[in-house]
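Structure assessment
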Amino acid sequence: MPYNLPGKRSQEGWEADLKYVVTGRSSVAESVPLVIERGEGVYFWDADGNRYLDFSAGILTASTGHCHPHVIKRLQEQVPLLWHVYAFPTPQRARLCEMLTEHLPPQIDTFCFYTGGSETIEAATRACSSYRKAYLFASMTHGYHGRTLISRSLGPSLLNKVYGPTVNVCHLPYPYCYRCPLKLQYPSCGLACIELADDLLQGSGHEPLAALIFEPIAGAGGVLVPPPGAWQRLVEICRKREMLIIADEVLTGVGRTGKFMAIEHFGVQPDVMTFGKGLGSGFPIMCLAGRRDIISSYPFGEVGEGGASTSYGGNPLGAAAALGTLEAMFAEHMIENAARLGEEIRARLTPWVEKYRVVGDVRGLGLLWGIELVTDKTSKEPYPAWGWEQIYHDCLNNGVRLVPNRICPPLNITSAQLHQGLDVIEATIQALEKKPA
Ligand SMILES: Cc1ncc(COP(=O)(O)O)c(C=O)c1O
């Protein structure tokens, strides 16, 4: 039986909360007033006792599921010992760095920790500017890097009229094959959109550029998986200009795509990486990692006003949560699970493009998949926003919680749970097909 949301207790709790808390937090969280009380593994429960399969892992944060027993254990060991004393080394942080170096490319050997993604992106740009003595950046049109001044400038910025001008960034076309910016087809296009980057960088008047920042798979931009060779060629073009390469893996990192870092799928070597949505299983810890010569360059790598420091970065509780997360992830082979289930999703979703009038494209890797809805397969007219709202509501009423257009459950979901969730999504797509767009 569908849940008929919201339940009474959720409704009451929501009204109490709204008196005090800002609206505009999240379109989906606000469209059905739910109060969430507890989570365990791939499920969470609302205040009325309804259970949901979490197909978005928090917001790609609950990588090991909700309240994984080993992460709890690591946090419980730490809670009575020490919560925070600013930047002093702690055994947990040292062990965390050791573990990270075992799994990251060998040149990525120096770390700074933060609590949010935007803050980490800002720090990455400061580190690269320190090294290059240049402050202009290139990024990709469909990237999302956050909401602070530099991070929002790196993405497509829609709110300049309200928030004021962004900083100068050279935006390069994302190799988005389903909607090719040049209306060409891969591979006969010869990666023309990437070749264009050379001219755009040359003509931008931005030189010297400090770095290129890009998401190996654009997440918020619609799960855009680039065609083979695209990142290799782009990196070659940027290296010719001595630009550094920053892989923003805030969303794709820590096992999400079936490799520890998504960049491993694409055969390029970044100088700097940002990651961490899944690093603390929901506990706020993010990481900036990079070549030692970059991260320790003046002023970023030195004590003082321009340094890397922040109040809470790398605090002992965050480090304990991250250590617990990585230990659980490796002990339980969650990254391999993500890779294997990614192929099950591919096999299940690919036929939907033929089968359903409204499904224009499906794409993804590991446990990060996107579904693009259209009103017409030939014109590729995007489906109006209410299409996903409808799917979101129907899924929720049937016990599955989504981020619209994405499938990104915890990395320890089982095949049976995954297919249960996909059954619900498929049924909601079938219901949508029956309505006029
Ligand atoms: C790739 C990427 N970078 C940066 C950010 C910003 O992170 P935060 O929302 O923690 O500031 C996000 C958030 O979704 C992201 O997906």
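Conventions we followed
- Residues numbered from 1 in each chain as written.
- Predicted model: local features only at pLDDT ≥ 70, side-chain atom pairs only at ≥ 80, totals over all residues.
- Helix = DSSP H or I, 4+ residues; strand = E, 2+ residues; numbered from the N terminus.
- Rg over C-alpha atoms; globule rule 2.2 N^0.38 Å.
- Buried ≥ 20, exposed ≤ 12 C-beta atoms within 10 Å, placed from the backbone.
- Contact = placed C-beta atoms within 7 Å.
- Axes fitted to C-alpha atoms, helices over the stretch in contact; angles between N-to-C directions.
- Parallel < 35°, antiparallel > 145°, perpendicular 65-115°, else oblique.
- Left-handed = near helix turned anticlockwise from the far one by under 90°.
- Nonpolar A, V, L, I, M, F, W, Y, C, P; charged D, E, K, R; others polar.
- Near = placed C-beta within 6 Å.
- Pairing = 2+ DSSP bridges.
- Domains from an automatic or database assignment.
- Core = buried A, V, L, I, M, F, W, Y, C linked by C-beta atoms within 7 Å.
- Expected span 1.5 Å × (residues − 1).
- Arc of directions from axis to C-beta.

Quick notes on the overall build of the chain
Per the secondary structure count, the chain includes 15 helices and 14 strands. Over its C-alpha trace the chain gives a radius of gyration of 22 Å, about what one expects of a compact globule, namely 22 Å for 437 residues. When the 437 residues of the chain are sorted by exposure, 47% land in the buried category. Long-range contacts, defined as pairs at least 24 residues apart, comprise 75% of the intrachain contacts of the chain with a sequence gap of at least 6.

Observations regarding the packing of helix α4 (residues 69-78) against helix α12 (residues 316-331)
The interhelical angle for the contact between α4 and α12, taken along N-to-C directions, is 150 degrees, at an axis separation of 8 Å. Between α4 and α12, the crossing angle belongs to the class labelled roughly antiparallel. Along this stretch, α4 crosses α12, giving a crossing that reads as right-handed. Between α4, through H70, V71, K73, R74, L75, E77 and Q78, and α12, the contact on the second element is made entirely by P316, L317, A320, A321, L323, G324, T325, E327 and A328. Its residues placed into classes, the contact of α4 with α12 shows eight nonpolar, four polar and four charged.

Quick notes on unusual backbone geometry
With an omega of -5 degrees, the peptide bond between L5 and P6 qualifies as cis. By the element assignment, P6 lies in the segment before α1 (8-18). In this structure, the amide linkage connecting Y298 to the following residue, P299, adopts the cis form with an omega of 5 degrees. Relative to the helices and strands, P299 resides in the loop between α11 (292-295) and α12. With a phi angle near 65 degrees, L60 is a residue other than glycine that sits in the positive phi range. Along the chain, L60 falls in helix α3 (residues 57-60). On the neighbour-count criterion, L60 (24 C-beta atoms within 10 Å) is buried.

Focus on the environment of V225
Considering the arrangement of structural elements, one finds V225 in the loop between β7 (209-214) and α10 (230-240). For V225 and Y176, which are 49 residues apart along the polypeptide, the C-alpha to C-alpha distance reads 7.6 Å. Excluding residues that lie within four positions of it along the chain, V225 makes contacts with I217, R363, G364 and L365.

Things to note about the site of the ligand
Lining the immediate environment of the ligand, one finds 13 residues, of which G117, S118, G146, V250 and L251 sit closest. Ranked by residue count, the leading element in the shell around the ligand is helix α6 (residues 117-132), at three residues. In the shell around the ligand, the residues fall into five nonpolar, six polar and two charged.

Here we look at the sheet that holds strand β11 (residues 359-365)
Spatial strand order, β11-β12-β14: three strands in an open sheet with antiparallel pairing. Pairing within the sheet leaves two strands with one partner each, and these edge strands are β11 and β14 (406-407). Pairing of β11 with strand β12 (residues 368-373), which is carried by six bridges, proceeds in the antiparallel orientation. Among the inter-strand pairings, L365 is bridged to a residue of β12, identified as L368.

Here we look at the packing of helix α9 (residues 192-203) against α10
It is at 9 Å that the axes of α9 and α10 come closest, and there the two elements cross at 10 degrees. Here α9 lies roughly parallel to α10, going by the angle between them. Crossing of α9 against α10: the hand is right-handed. Across the interface between the two elements, I194, A197 and D198 from α9 touch A230, R233, L234 and I237 from α10.

Notes on the domain arrangement of the chain
By domain assignment, the chain separates into domain 1 (8-64 + 333-433) and domain 2 (69-331). Relative placement of domain 1 and domain 2: their C-alpha centres are 25 Å apart. Contact residues are listed per partner, giving 26 residues for domain 1 and 25 residues for domain 2. Going through the elements one at a time, α3, α13 (334-355), β11 and β12 are the ones with two or more residues in the side of domain 1 that touches domain 2. Of the residues contributing to the side of domain 1 that touches domain 2, the split by class is eleven nonpolar, ten polar and five charged.

What to know about the sheet that holds strand β2 (residues 43-46)
Taken in spatial order, the four strands line up as β1-β2-β3-β13 in an open sheet, and their pairing is mixed. Since the sheet does not close on itself, it has two edges, and those belong to β1 (36-40) and β13 (400-401), each with one partner. Of the strand pairs in this sheet, strand β3 (residues 51-54) and β13 are connected by two bridges, and their pairing is parallel. Across the sheet, the residue bridging to L53 is V400, located in β13.

A closer look at the pairing of β3
Across three bridges, β2 lies against β3 in antiparallel orientation. Within β3, the residue paired with F44 across the bridge is Y52.

So, the nonpolar core
Generally speaking, a soluble globular protein has its nonpolar side chains buried in company with each other. Core analysis: the largest hydrophobic core is formed by 122 residues, its most contacted members being A127, C128, F137, A211, L212, L244 and I246. In terms of residue count, the dominant contributor to this core is α12 (nine residues).

Focus on helix α15 (residues 415-433)
Along its 19 residues, α15 runs 27 Å from first to last C-alpha, staying within 8% of the 27 Å computed at 1.5 Å per residue. Within α15, the full set of buried residues consists of L418, G421, V424, I425, T428, I429 and L432. End-on view of α15: buried residues confined to an arc of 140 degrees, all on one side of the axis. Opposite its buried face, α15 presents the exposed residues S415, A416, Q430 and A431, each directed more than 90 degrees away. Next to the buried residues of α15 lie β3, α13, β11, α14 (386-397) and β13.

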